[in-house]
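# Results of the structural survey
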Amino acid sequence: MSVSPALEVEAEVLRRQDPQLAEILLGERQRQATTLQLIAAENFTSPAVLAALGSPLANKYAEGYPGARHHGGCEIVDVAERIAVDRAKALFGAEHANVQAHSGSSAVLAAYAALLRPGDTVLALGLPYGGHLTHGSPANFSGRWFDFVPYGVDAETGLIDHDQVRTLARGHRPKAIVCGSIAYPRHLDYAFFREVADEVGAYLVADAAHPIGLVAGGAAPSPVPYADIVCATTHKVLRGPRGGMILCGGELAERVDRAVFPFTQGGAQMHTIAAKAVAFGEAATPAFTAYAHQVVANARVLAAGLAAEGLVVTTGGTDTHLITADPAPLGVDGRAARGRLAAAGIVLDCCPLPHGDGRGLRLGTAALTTQGMGEEEMARIAALTAGVLRGETETQKAREEVRELAGGFPPYPG
């Protein structure tokens, strides 16, 4: 795998200092370069984002916000955070942005802290239908602290059941309604959720961790004009560092900021915030707009290819980067399918199947599109995936084909 000179220099420094960890990092670099990354939540950041992550800003302690830190020496990192905030606001048309959240889950926790009190009722997409852990899982803080009422999807179409959402909202009068998913491949009707929230006097929280990159590129509708608070990640399709952010109107800005610090987090990770600023700048370019639309085009071709090969694609397709599919018609369940594909170098996830007893496959096209793959490669990957699942393509032969395909599209070309 050829990489930028800066990355080679950093690798050599680590080889000299800690060869054991260097081998691990180089091994992961090799894995990423020789397999197909179809995990919907993953992507490849730019070398510029990686440079910010590995910068001296990692050394700086910066509790608080620009101009009001609890540590000295923050005058330079204050500028970096202000740039990140300004770029996020401009990119998404938001009145306020908080870029300190360490993750998407941290952002959701802060949103709840800003709006709710323990015991409040919250309406959210049920976990079996694609809801996130922070949408009421009993293993998560959300399910322990709040009374979550789940809504679901139509048994035939797989689409969110809007009638059920309205009925449950009227019956339970939640303090907040959450719209968002980790495994729902269609656009959400934010205007509908806003209407229901207004009808019952609820806050609307949009968990846009997955589609926010498509929003940045104009390839998906924006929740910002409709939601009281938008929570998101900065990785996934947005192609930035692993982290979170929160967007909201000016009237909630102080509550959101206090919910992040000091209520749920300590010091800001300034190297990550700088990397977010880099990613926001990249996402504001025409090149990123073209990328976001290509991500969707690739996903649609891949979904159609999988359906043609006999997998059952939920909702009949996708509007986004994300696809969920049932491999059972090919004689294998989701968990076994994931393992079989991993052995062939095709890396993806499992997910619950709506109204089903088994697990399906969840895959996405963000990383492959970053590598430069297009619709022709998506059709090839669909056929290869089906061949592996049917047992028609031997694992070693499939692995060689994957290595050859991936080799033509290195994540970090020199």
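The rules we used
Residues numbered from 1 in each chain as written. Predicted model: local features only at pLDDT ≥ 70, side-chain atom pairs only at ≥ 80, totals over all residues. Heavy atoms only, no water. Helix = DSSP H or I, 4+ residues; strand = E, 2+ residues; numbered from the N terminus. Rg over C-alpha atoms; globule rule 2.2 N^0.38 Å. Buried < 20%, exposed > 50% of the residue type's maximum accessible area, 1.4 Å probe, protein only. Contact = heavy atoms within 4.5 Å. Areas by Shrake-Rupley, 256 points an atom, 1.4 Å probe, with all protein chains shown as cover. Lys, Arg positive; Asp, Glu negative; His and termini not counted. Charge placed at Lys NZ, Arg CZ, Asp CG, Glu CD. Core = buried A, V, L, I, M, F, W, Y, C linked by side-chain atoms within 4.5 Å. Expected span 1.5 Å × (residues − 1). Arc of directions from axis to C-beta. 1 Å grid on protein atoms, 1.4 Å probe; cavity = no way out; pocket = protein on both sides within 12 Å on 5 of 7 lines; lining within 4 Å. Points joined across faces, edges and corners; volume = space filled by probe spheres on them. Nonpolar A, V, L, I, M, F, W, Y, C, P; charged D, E, K, R; others polar. Polar contact = N/O pair within 3.5 Å; in protein donor to acceptor, adjacent residues only side chain to side chain.

### Section: the overall build of the protein
When helices and strands are counted, the protein shows 16 helices and 15 strands. Its C-alpha atoms give the protein a radius of gyration of 22 Å, near enough to 22 Å, the size a compact globule of 414 residues would have. The dimensions of the protein, computed from C-alpha atoms along their principal axes, are 60 × 55 × 40 Å. Going through the 414 residues of the protein one by one, you find that 57% of them count as buried. In the protein, the proportion of contacts linking residues at least 24 apart, taken out of those at least 6 apart, comes to 71%. As displayed, the protein offers around 16,900 Å² of accessible surface, 53% of which is attributable to carbon and sulfur atoms. When the 34 basic and 43 acidic side-chain charges of the protein are each reduced to a single mean position, those positions are 4 Å apart.

### Thoughts on the nonpolar core
The biggest cluster of nonpolar side chains holds 60 residues, and the ones touching the most others in it are Phe92, Tyr151, Ile160, Ile177, Phe193 and Leu238. Residues in contact with Phe92, not counting those within four places in the same chain, are Ile212, Val215, Ala216, Val224, Leu238, Met245 and Leu247. Judged by nonpolar contacts, the second largest core, of 33 residues, contains Leu302, Ala303, Met373 and Ala398.

### Concerning helix H2 (residues 19–34)
The terminal C-alpha atoms of H2, which comprises 16 residues, lie 22 Å apart, in line with the 22 Å expected from a rise of 1.5 Å per residue. Among all positions in H2, only Ala22, Leu26, Ala33 and Thr34 are buried. Down the axis of H2, the buried set is contained in an arc of 90°. They therefore lie on one face. Along H2, the residues that are exposed and aim more than 90 degrees away from the buried face are Gln20 and Ile24.

### Side note on the layout of surface pockets
Taken as a whole, the second largest pocket holds about 460 Å³ of empty space. As for the second largest pocket, its lining consists of 29 residues, and the residues nearest its centre are His132, Ile182, His210, Lys236 and Arg362. For the lining of the second largest pocket, the secondary structure elements donating two or more residues are helix H5 (104–115), strand E14 (349–352) and strand E15 (359–364). By residue class, the composition of the lining of the second largest pocket is 10 nonpolar, 13 polar and six charged.

### A word on the environment of Asp228
Among the secondary structure elements, Asp228 is positioned in the loop between helix H9 (212–216) and strand E9 (229–233). The class for Asp228 is buried, based on a relative accessible area of 16%. Expressed as a C-alpha distance, the spacing of Asp228 and Ala206, which sit 22 residues apart in the sequence, is 8.0 Å. Setting aside residues no more than four positions away along its own chain, Asp228 makes contact with Arg194, Ala202, Tyr203, Leu204, Leu247, Cys248, Gly249 and Leu252. Only 2.7 Å separates the side chain of Asp228 from the backbone nitrogen of Leu204, close enough to count as a polar contact.

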